[in-house]
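Below are the chains, spelled out letter by letter.
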Amino acid sequence: MGRGFMRRAARLLPRYAHYVTQRFEIQDANHSAVLKVTRPAKAPRTRSVVARPDETPIGEVILNDTADEGQFTLFANGDPIATVHLASHSGDAVIRTTVGLEIARVGQPSTSISPTNGNTYVVEIPEHLPEPLASMVLAIALTPDTTLGH
């Protein structure tokens, strides 16, 4: 959203990309906003905010401050609701509840399904998820390059 010339130019230069707030709007088939995802300026690859179309916050995706690189926590109302683990060798993400139950996967498709161009992902969500978890997983699945720094 709102990608003027200066914003596009800053995004192309990784050294300056963190000075630009990134905003994404997830829309339905009628082009109505369903979710909004924002990665604030000066918070590269560490924090993304997920909100409803009216800007009501749903939750945050925050990079853990641990030695384990590639681990994120999903928060809703300030409480952790799930974790995201990135597999360093494949770039796939596994989303688990706080008790360790796997609820979703986001990853690159196999080349037998579709040739990968680096921006194509396959999402597996085996069962219906309750809110706010469903919105948070959907936001990650549709914007993994931004929310997870994929």
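Use the structure listed above.
About the thresholds
Residues numbered from 1 in each chain as written. Predicted model: local features only at pLDDT ≥ 70, side-chain atom pairs only at ≥ 80, totals over all residues. Heavy atoms only, no water. Buried < 20%, exposed > 50% of the residue type's maximum accessible area, 1.4 Å probe, protein only. Helix = DSSP H or I, 4+ residues; strand = E, 2+ residues; numbered from the N terminus. Pairing = 2+ DSSP bridges. Salt bridge = Lys/Arg side-chain N within 4 Å of Asp/Glu carboxyl O. Axes fitted to C-alpha atoms, helices over the stretch in contact; angles between N-to-C directions. Contact = heavy atoms within 4.5 Å.

### A few points about the pairing of strand β5 (residues 71–76)
Stage number 1. Across the six residues of β5, five count as buried, placing the element largely inside the fold.
Stage number 2. Two elements, strand β4 (residues 57–63) and β5, share four bridges in a ladder whose sense is antiparallel. Note that in β5 the partner of Ile62 across the bridge is Thr73.
Stage number 3. Where β5 and strand β6 (residues 79–86) come together, six bridges link them in antiparallel fashion. Note on β6: the bridge partner recorded for Gln71 is His85.

### A word on the pattern of salt bridges
Stage number 1. Summed over all chains, the structure comprises five salt bridges.
Stage number 2. Between Glu25 and Lys36 there is a salt bridge whose closest N-O contact spans 3.9 Å. Here Lys36 lies in strand β2 (residues 33–39) and Glu25 lies in strand β1 (residues 22–27), a separation of eleven residues in the sequence.
Stage number 3. Judged by its relative accessible area of 28%, Glu25 falls in the partly exposed class.
Stage number 4. Since its relative accessible area comes to 14%, Lys36 is described here as buried.
Stage number 5. Glu102 is the partner of Arg105 in a salt bridge, and the nearest nitrogen-oxygen pair spans 2.8 Å.
Stage number 6. You can call Arg105 partly exposed: its relative accessible area is 32%.
Stage number 7. With a relative accessible area of 32%, Glu102 lands in the partly exposed category.
Stage number 8. A network of salt bridges, in which partner residues are shared, links Glu25, Lys36 and Glu55.

### Quick word on the sheet that holds strand β7 (residues 93–97)
Stage number 1. Here we have nine strands laid out as an open sheet, ordered β1-β2-β3-β4-β5-β6-β7-β8-β9, and antiparallel in their pairing. Unpaired on one side and paired on the other, β1 and β9 (122–124) mark the two borders of the sheet. Mean inter-strand twist for the sheet, computed between neighbouring axes without regard to direction, equals 20°.
Stage number 2. Bridge count between strand β3 (residues 47–51) and β4: five bridges; the pairing is antiparallel. Residue Val50 lies in a different strand from β4, and its bridge partner there is Gly59.
Stage number 3. Across the sheet, helix α3 (residues 133–142) touches β1, β2, β3, β4, β5, β6, β7, β8 (102–107) and β9, and the angle it forms with β4 is around 55°.

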